[in-house]
Amino acid sequence: RILAANGDHDVAVLSRRDVVMPHRCFDALTSALEVWRPEYVVIASGTHEHRGVLDDLDDLGYDGIVLVEKPLFADAQDIRDTGDLTDRRYVGYNLRFHPVLLQAQTLLAEAKTFAVSVYVGQDLRQWRPTSDYRKSYSADRRRGGGVLRDLSHEVDYMTWMFGGWRSVMGAGGKFSDLEIDSDDVFSLLVNTPKCPSINIQLNYLDSNLQRVFRAQTSRGTLIADFVQNKVQLGDKTWNFQVANDDTYIRQHAAVLNDRDNNLLCTWAQGEDVVRLISAAEMSASKGVRVCR
């Protein structure tokens, strides 16, 4: 919908579902590539399917641009060498294009950051009110669901802004009465090159949607709120108007028109998020800090 509405793009859809939409539909990747010959492929299947779709694209000789929905893979075991194709492949961490994050990043670049506390939570039953949450991708661990992967935007933008990660302590699992088999709560304590302590808390449980981080810096406390769409530092406040589609529009534009855009999540950065997620799960299961 966004690609068709913004710019001169012809759009087709590949799906195993019997869908009715205004775009041409294919049910096999081979025919989609042979008939449609796309210049840009967006992989929006379940996380557990990403590796297989990418392998199929490679086997069929596709060398165009690819955007893979986040997270890149369900597990670090899926990471493998992709040769010279990595400069045409990106991961869909569209929150990097949010004006709140960009304003916070600018302010943080002008200060020394001592500690960050990140929080995001919303009751899973509120995510898609018209469908049964128990049948959703999020509820199914086998399909790559779970809060640690679903809300990995926070893991991505924190490591992106603060230079990657050095070590992590993780704690989490399925704790609530939600009828799911994936993790509904996860906490990470991450050490990074540019900030010694980042505490990231993720959950499927908060009855009031919250998405915010607080940074303790040499210039004071910075608060970035993605629900209120505002940034505060000391006595100054920056407010933004943000529509639901804005970050997706900007991300697609960056991929298609300006692939040198430093806001895009590169293939290597996407892999690094997967490694951190796997390390956090290992830490949680063994009760130890995991270092790179």
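About the criteria used
- Position labels on residues start from 1 in each chain and follow its written sequence.
- It should be noted that, the model being predicted, local features are given only for residues of pLDDT at least 70 and side-chain atom pairs only at 80 or more, the latter also being counted only at that level, while totals for whole chains, interfaces and linings use all residues.
- Computation of side-chain values: all heavy atoms of the structure, hydrogens and water removed.
- Elements are defined by DSSP. Helices are runs of H or I of four residues or more, strands are runs of E of two residues or more, and each kind is numbered from the N terminus.
- Pairs of residues are marked as contacts when any of their non-hydrogen atoms sit within 4.5 Å.
- Two strands are said to pair when DSSP picks up at least two bridges between them.
- Lines fitted to C-alpha atoms define the axes here, with helix axes fitted over just the stretch in contact, and angles between the N-to-C directions of these axes take values from 0 to 180 degrees.
- Helix crossings are classified by the rotation of the near helix relative to the far one: an anticlockwise turn of less than a right angle makes the crossing left-handed, while a clockwise turn makes it right-handed.
- Amino acids outside the nonpolar list (Ala, Val, Leu, Ile, Met, Phe, Trp, Tyr, Cys, Pro) and the charged list (Asp, Glu, Lys, Arg) are all regarded as polar, and Gly is one of them.
- Ring geometry is summarised as follows: Phe, Tyr and Trp rings, the Trp one being its six-membered ring, pair when their centres sit within 6.5 Å, and such pairs are stacked at plane angles under 30 degrees, edge-to-face over 60 and tilted between the two.
- Residue exposure (1.4 Å probe, protein chains only): buried if accessible area is under 20% of the type maximum, exposed if over 50%, otherwise partly exposed.
- Criterion for a charge above a ring: Lys NZ or Arg CZ within 6 Å of the ring centre, and within 35 degrees of the ring normal.
- Counted as a polar contact is a pair of N or O atoms within 3.5 Å, where, for protein atoms, one must be capable of donating a hydrogen and the other of accepting one, and residues adjacent in sequence contribute only when both atoms are in side chains.

On to the side chain of glutamate 271. Its place among the elements puts glutamate 271 in helix H9 (residues 267-286). Beyond its immediate sequence surroundings of up to four residues, glutamate 271 is in contact with Leu72, Ile79 and Arg80.

Two strands pair when backbone bridges link them, and strand E6 (residues 113-121) and strand E10 (residues 210-217) are joined in this way by eight bridges, in the antiparallel orientation. The partner of alanine 115 across the bridge, within E10, is glutamine 216. As defined by bridge partners, E6 adjoins strand E9 (residues 198-203) across six bridges and the pair is classed as parallel. What sits directly across from valine 118, in E9, is isoleucine 200.

The phi angle of most residues is negative, glycine excepted, and most peptide bonds adopt the trans form. Look at the link from lysine 70 to proline 71: it is a cis peptide, with omega at -15°. Counting through the fold element by element, proline 71 comes out in the loop between strand E4 (65-69) and strand E5 (89-92). The phi dihedral of arginine 37 is positive, around 50°, even though this residue is not glycine. Note that arginine 37 resides in the loop between helix H2 (29-36) and strand E3 (40-43). Although it is not a glycine, asparagine 229 adopts a positive phi angle of roughly 55°. Here asparagine 229 is to be found in the loop between strand E11 (220-225) and strand E12 (230-233).

Bringing the packing of helix H7 (residues 153-161) against H9 into the picture now. With their axes 10 Å apart at the nearest point, H7 and H9 run at an angle of 115° to one another. Crossing geometry of H7 relative to H9 is assigned as right-handed. Between H7 and H9, the contacting residues are Val155, Asp156, Thr159 and Trp160 on the first element and Gln269, Val273 and Leu276 on the second. Class assignment for the residues of the contact of H7 with H9 results in four nonpolar, two polar and one charged.

Take the packing of aromatic side chains next. This structure, assessed with the given rule, holds six aromatic pairs. On the numbers, 6.1 Å between centres and 85° between planes, the contact of phenylalanine 73 with tryptophan 267 is edge-to-face. Taken together, the residues phenylalanine 73 in the loop between E4 and E5 and tryptophan 267 in helix H9 connect sequence positions 194 residues apart. Centroid distance tryptophan 127 to tyrosine 204: 5.4 Å. Interplanar angle 85°. Geometry classified as edge-to-face. Placement of tryptophan 127 in helix H5 (residues 124-127) and of tyrosine 204 in the loop between E9 and E10 is noted, with a sequence separation of 77 residues between them. When its relative accessible area of 24% is taken as the criterion, tryptophan 127 is described as partly exposed. In this structure an aromatic cluster arises from ring pairing among Tyr157, Phe213 and Phe226. The residue whose ring lies beneath arginine 89 is tryptophan 267, and the NZ or CZ to ring-centre distance is 5.9 Å.

On to the side chain of aspartate 272. In this fold, aspartate 272 is placed in helix H9. Residue aspartate 272 is classed as buried on the basis of its relative accessible area, which comes to 16%. Within the structure, aspartate 272 has its side chain in polar contact with the side chain of arginine 292 (distance 2.8 Å). The contact partners of aspartate 272, leaving out residues within four places of it in the chain, are Gly164, Trp165 and Arg292.

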